[in-house]
Amino acid sequence: MNINRYTDVKEIELSGINASPGICIGKAYLVGREGVDVVKKYPIAPKNLDKEIKRFKSAVKKTRDELQCIIDNFPEDFRHNVNILETHALLLKDKMLYGSTIETIENEKVNAEWALKMVVSRIKSMFEGMADEYFRERGSDIVHVSDRIMRNLLGQEQVNIAEINKRVILVAHDLSPAQTSQIQLERIMGFITERGGKASHTGIIAQTLEIPAVLGLGKKIGIIRHDDIIIVDGSQGLVIVNPSDETLIHYEEKIGEYETYKANITRDAHLTAKTLDHLTLNIMGNIELPEEVVSVLDYGGDGIGLYRTEFQYMSRPEFPDEMELFEKYKDVVDVMGNKPITIRTLDINGDKALSKNNGTHEVNPALGLRGIRYCLKKTDIFMTQLRAILRVAAYGNVRVMFPLISGVEEIKEAKRFLCEAAESLHRDGVVFNKDFEVGIMIEVPSAVIMADSLAKEVDFFSIGTNDLIQYSLAIDRGNFEVDYLYQPLHPAILQMINHVADIAVKNNIKLYMCGEMAAEPSYIPLFIGMGFEELSMNPQSIPMVKKMVRNLHREDCKKFVNQVLNLTEISQINALVDETYGNLLKQKIYSE
Ligand code: PEP
Ligand code: MG
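Values in this document were obtained by computation on a predicted structure and should not be read as measured data.

A separate point is the coordination of the magnesium ion (ligand 2). Protein coordination of the magnesium ion (ligand 2) is provided by Glu443 (OE) and Asp467 (OD), with donor distances spanning 2.0 to 2.1 Å. On the criterion of sequence distance, the pair formed by glutamate 443 in the loop between strand E14 (438–442) and helix H14 (445–449) and aspartate 467 in helix H16 (residues 465–473) is long-range, its members being 24 residues apart. Since its relative accessible area comes to 2%, aspartate 467 is described here as buried.

Take a look at the structure:
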């Protein structure tokens, strides 16, 4: 890879994790970068030195304007603090900082960020060694000022994603699921991040929002600068920086092809998912916010198999009250009519941290106070949600599902709260309905082992493969370093799913799946063979999965499951899936 971008701007291709399909072309908008630490050194050709110095000067000017704006708007009561900012504004033109940075760019023929970083570290060590406190203070003022300049050079601002008002592609160190859910679709074309794994909630939300995304690009993302033209190919996991005209034309064509392909697959999305031997499956959509419900219907979803309600609690200082929750759930019910809606109770924390997190900082959040554990501790929050769910159940086909159940006590406790919530509504004389299906997610290995006892407590199991894989294979689902180990067809995972399926059938309870494994057409024969009656996924994947179901025989699928369960290595299973269903996928599912 050639990163001498100033000697001759070259096209650079970066590869990461294909987290959300689709292609977009646009300007890079850098957010949340870690400033000085990510600064890279690269040479500047003599003919481009003037341009580079101009870039530095305009970052300084921008910094001065920002400071002036802060000074002008400072509240009267705190005017005495303005002195510090005025000193900072003067320092912007300080010879030691301003003059030396320009000299370093000129003499060493390096980029402005690197020159600034070098100059500041020299100044820092000079002032740190001084006995006089006044001078030491002056050193720290210079560091503050240079940080501001650096942010402007890198294009880094303290951005609130919801407020970005340009058509851009976000380039971030990381985006939390809460930030991702705030993305304004009419403005953000796509995003790429240094960190993040395919099964992270950030990737899942990008899929639901239908924004192309490439995650886990690693440190190499640092070569992208604010306003660089980039192409994001979320289907292939590729990012092209400074594309040539030829590449641009090629990708413009690919965008056209992708749009045609999407139009084609949605054409028959409303047909039932019935196998060739007449077994009908419910193919459902997963949503995070009520607004997403429309896309479930557009893609032919038979209902909502997972409503991740926690997003209504994130990115805000106060939790919603019962009325707000009721109204949000009612919006979903109104759109879905009689179709089933599986409301999962709060699955907060883990990677879905709250902004209001009561001051707790967990060293290992995935194993911390997450999901049902949180609710059983914060019982007032739990009761508020349960009351809202019971109330909305009077208006639609609602089910309740509890997340992260690890043993029998937890589901008994959760059900006890559900009864209590119903009793309190009864006492208050409020309309509600408690006659609905109650189920649990199977996503913790101990729940797999205890499935037989858990089945006695519930109407359905819904397998959450995203977390089941994370916890069983000991892989952080959001960590790109171990993404290669995130293997859904690991024999241990398939045996666990099959075990849970057998237990559900034996106990005559319903068997659903709402983890993203359900979205992969090549895995569908396994789930049909194991006896699943409902699969739920990001809405975009519904048409393909339905199409796959329509090309299968249940009896063949059962035989296939037996064959697969005899294998002990991931590579053997992948090969068998490809051998058996590869042609079908190529010829019938992906081709039209
Ligand atoms: C899962 O873990 O598979 C799941 C569907 O829940 P979430 O992705 O919200 O953790
Ligand atoms: Mg989960």
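Turning next to the nonpolar core. Counting residues in each nonpolar core, the largest one holds 106 residues, and the members touching the most others are Phe402, Phe461, Ile497, Met517, Phe527, Phe532 and Leu535. Those residues in contact with phenylalanine 402 that lie beyond four places of it in its chain are Thr345, Ile372, Phe382, Leu386, Ile411, Ala414, Val438, Gly439, Ile440 and Met441. Membership of the second largest hydrophobic core comes to 33 residues, among which are Ile44, Leu49, Phe56 and Ala115.

Another point: the sheet that holds strand E3 (residues 23–31). Across the sheet, eight strands lie side by side as E1-E8-E7-E3-E4-E5-E6-E2; this open sheet has mixed pairing. Strands at the two margins of the open sheet, each flanked by one partner only, are strand E1 (12–15) and strand E2 (17–20). Put simply, the sheet's adjacent strands are angled 30° from each other on average, direction ignored. Note: E3 against strand E4 (residues 168–172), five bridges, orientation parallel. Note that in E4 the partner of leucine 30 across the bridge is valine 171. Contacts from helix H7 (residues 201–209) reach E2, strand E5 (188–193) and strand E6 (213–215), with the element oriented near 50° to E2. Where helix H8 (residues 245–267) meets the sheet, it contacts E3, strand E7 (229–233) and strand E8 (238–241), and its direction lies at approximately 115° from that of E3.

Let us look at the site of ligand 1. In the region of ligand 1, 16 residues are neighbours, and Arg308, Arg344, Gly464, Asn466 and Arg477 sit closest. Here asparagine 466 contributes a backbone N or O atom positioned 2.8 Å from an oxygen atom of ligand 1. Contacts to ligand 1 include aspartate 467, whose side-chain N or O atom sits 2.9 Å from an oxygen atom. Burial of ligand 1 by the surrounding chains reaches 100%, relative to a free accessible area of 280 Å².

We now examine the pairing of E8. Burial along E8 is two-sided: the residues Leu238 and Ile240 and Val239 and Val241 are all buried. As judged from the four bridges shared by E1 and E8, these two strands associate in the antiparallel manner. Bridge assignment links serine 15 to a residue of E8, and that residue is leucine 238. Where E7 lies against E8, four bridges are found, and the strand directions are antiparallel. Paired with isoleucine 231 across the two strands is isoleucine 240, which belongs to E8. Hairpin connection from E7 to E8: four residues lie between these consecutive antiparallel strands, with glycine 237 at a positive phi of about 75°.

This part covers the layout of surface pockets. Approximately 1100 Å³ is the volume attributed to the largest pocket. If you trace the largest pocket, you find 38 residues lining it, with Lys198, Gln207, Ala519, Glu520 and Pro521 closest to the centre. Mapped onto the lining of the largest pocket, the elements with two or more residues apiece are E2, H8, H16 and helix H21 (570–589). Partitioned by chemical class, the residues of the lining of the largest pocket number 19 nonpolar, 13 polar and six charged. Counting residues domain by domain, the lining of the largest pocket receives three or more from each of domain 1 (13–32 + 159–254) and domain 3 (281–539).

So, on to helix H13 (residues 408–428). The first and last C-alpha atoms of H13 sit 31 Å apart over 21 residues, in line with the 30 Å expected at 1.5 Å per residue. Buried residues in H13 make contact with helix H10 (322–336), helix H11 (371–377), helix H12 (379–392), strand E13 (398–402), E14 and helix H15 (451–455). Just downstream of H13, glycine 429 is the residue with a positive phi angle, here 70°.

Take glutamate 113: it is sitting in helix H4 (residues 112–128). By relative accessible area, which is 3% here, glutamate 113 ends up buried. Side-chain polar atoms of glutamate 113 contact the side chain of asparagine 111, separated by 3.3 Å. Residues in contact with glutamate 113, not counting those within four places in the same chain, are Val39, Tyr42, Glu52, Arg55, Met150, Leu153, Leu154 and Arg225.

Further remarks concern the packing of helix H20 (residues 554–565) against H21. Helix packing geometry: the angle between the two helix axes and the distance between the axes. In contact at an axis separation of 11 Å, H20 and H21 are set at 155° when each is read in the N-to-C sense. Of the possible angle classes, the one that applies to H20 and H21 is roughly antiparallel. Handedness of the H20/H21 crossing: right-handed. Contact residues: Asp556, Cys557, Phe560, Gln563 and Val564 in H20; Ile573, Leu576, Val577, Thr580 and Tyr581 in H21. Split into classes, the residues belonging to the contact of H20 with H21 amount to seven nonpolar, two polar and one charged.

So, on to the domain arrangement of the protein. Split by domain assignment, the protein resolves into domain 1 (13–32 + 159–254), domain 2 (35–154) and domain 3 (281–539). Computed from C-alpha coordinates alone, the two centres of domain 2 and domain 3 are separated by 50 Å.

Following the criterion strictly, the structure yields ten aromatic pairs and no others. Taking the ring centre of phenylalanine 326 as reference, the NZ or CZ of arginine 391 above it sits at 4.6 Å. Between arginine 416 and the ring centre of phenylalanine 417, over which it is positioned, the NZ or CZ distance is 4.9 Å.

Cut-offs and rules
Residues numbered from 1 in each chain as written. Chains lettered and ligands numbered in written order. Predicted model: local features only at pLDDT ≥ 70, side-chain atom pairs only at ≥ 80, totals over all residues. Heavy atoms only, no water. Donors = N, O, S within 2.8 Å, 3.2 Å for Na, K, Ca; no water. Helix = DSSP H or I, 4+ residues; strand = E, 2+ residues; numbered from the N terminus. Buried < 20%, exposed > 50% of the residue type's maximum accessible area, 1.4 Å probe, protein only. Core = buried A, V, L, I, M, F, W, Y, C linked by side-chain atoms within 4.5 Å. Contact = heavy atoms within 4.5 Å. Pairing = 2+ DSSP bridges. Axes fitted to C-alpha atoms, helices over the stretch in contact; angles between N-to-C directions. Near = heavy atom within 4 Å. Polar contact = N/O pair within 3.5 Å; in protein donor to acceptor, adjacent residues only side chain to side chain. Areas by Shrake-Rupley, 256 points an atom, 1.4 Å probe, with all protein chains shown as cover. 1 Å grid on protein atoms, 1.4 Å probe; cavity = no way out; pocket = protein on both sides within 12 Å on 5 of 7 lines; lining within 4 Å. Points joined across faces, edges and corners; volume = space filled by probe spheres on them. Nonpolar A, V, L, I, M, F, W, Y, C, P; charged D, E, K, R; others polar. Domains from an automatic or database assignment. Expected span 1.5 Å × (residues − 1). Parallel < 35°, antiparallel > 145°, perpendicular 65-115°, else oblique. Left-handed = near helix turned anticlockwise from the far one by under 90°. Phe/Tyr/Trp six-rings, centres within 6.5 Å; stacked < 30°, edge-to-face > 60°. Lys NZ or Arg CZ within 6 Å of the ring centre and 35° of its normal.

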